[in-house]
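As a plain string of letters, each chain reads:
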Amino acid sequence: MSQAKARGPYAKTPARRAEIVRAARESFAENGYAKASLRDIAERAGITHAGLLHHFRNKDELLAEVLAERDSEEWQHGASQVDSADRLAPYLGELIRHHQKAPELMRLWIELAAAASRPDHPAHGYFVERYERGRAQFTEGLQDGAARGRLREDLSPESAAILFHAVLNGLQLQWVLDQDLDIVGPVTDFVWLLFGHDQADE
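Because the structure is predicted, anything quoted here is derived from the model rather than measured.

A. Region of the structure containing the side chain of histidine 99. Turning to its location among the elements, histidine 99 is positioned in helix H5 (residues 88–100). When near neighbours in sequence (up to four residues on either side) are disregarded, histidine 99 contacts Arg70, Glu74, Met106 and Gln172.

Structural data, given as structure tokens:
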């Protein structure tokens with residue numbers, strides 16, 4: 001297809017891509033990644049199958065976009081909710097409970113993150129950048145005088161940031177394997193280990 005023919009209904013507008021990603025997110029959550037079809041996603045988005053393929057080459061690319069969008073939403077929400085160390089434990093509990101409402105997306109994220117550990121995986125760069133950004137933001141938050149004063153004296157902000165991501169991701173993996181497992185309580189305990197008992201009681 002020539003560039004001239006790619007105009008009009010197939011133009012790669014942000015609004016159209018956003019609609020496709022929304023439809024894919026719904027389909028993945030309802031049907032699971034394996035059973036979700038591009039034709040179903042296209043129908044939900046109100047476009048043809050060929051139209052969808054003009055924006056996204058395959059389901060893997062769509063899944064990566066869905067998870068990236070969820071990440072972006074959570075970064076923004078977290079930044080607005082956690083303005084001090086006192087808010088960390090309540091926010092993490094809220095975040096985990098939100099994730100548990102869509103266990104299929106939780107599972108897909110874990111699977112994609114593991115697959116992306118291969119340097120040649122299309123999502124490898126995204127996940128490397130995601131964790132670098134997450135560690136940097138968490139570390140920066142702990143550089144604040146009040147927050148640094150609450151952190152354990154024998155723990156650096158850099159180590160706390162690495163542990164934070166390891167615990168949060170590891171607990172969610174355990175929950176996907178056993179959905180009767182309480183992981184909100186252990187997250188609160190982890191914050192207590194980082195900052196002291198007052199945080200866990202908020």
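B. Summary view of the pattern of salt bridges. Counted according to the given criterion, the structure contains 12 salt bridges. One salt bridge connects glutamate 26 with arginine 44, and the closest N-O pair in it is separated by 3.7 Å. Of this pair, glutamate 26 sits in helix H1 (residues 14–31) while arginine 44 sits in helix H2 (residues 38–45), and the two are 18 residues apart along the sequence. With a relative accessible area of 32%, glutamate 26 lands in the partly exposed category. Glutamate 61 is the partner of arginine 57 in a salt bridge, and the nearest nitrogen-oxygen pair spans 2.8 Å. Taking the relative accessible area as the measure of exposure, glutamate 61 reaches 24% and is therefore partly exposed. Because the salt bridges share partners, they merge into one network encompassing Glu19, Arg22, Glu26, Glu30, Asp40 and Arg44.

C. Focus on the confidence of the model for the protein. Of all residues in the protein, 88% have pLDDT values of 70 or greater, and the mean over the chain is 83. When mean pLDDT is taken per element in the protein, H2 scores highest with 95 and helix H11 (residues 197–200) scores lowest with 48. Counting contacts from residues 1–11, a segment whose pLDDT is below 50, to residues more than four positions away or on other chains yields 11 contacts.

Analysis parameters
One numbering rule holds for all chains: residues counted from 1, following each sequence as written. Local features in a predicted model are, by the rule used here, given only for residues with pLDDT of at least 70; side-chain atom pairs are given and counted only at 80 or more, and totals for whole chains, interfaces and linings are based on all residues. Each side-chain value is derived from all of the structure's non-hydrogen atoms; neither hydrogens nor water enter the calculation. The helix count covers DSSP runs of H or I at least four residues long, the strand count covers runs of E at least two residues long, and both are numbered beginning at the N terminus. Any pair of residues with heavy atoms lying within 4.5 Å of one another is described as a contacting pair. Salt bridges are counted wherever a side-chain nitrogen of Lys or Arg sits within 4 Å of a carboxyl oxygen of Asp or Glu. Buried, partly exposed and exposed residues are distinguished by accessible area as a fraction of the type maximum, computed with a 1.4 Å probe on protein chains only: under 20%, between the cut-offs, and over 50%, respectively. pLDDT measures how confident the predictor is about each residue, on a scale from 0 to 100.

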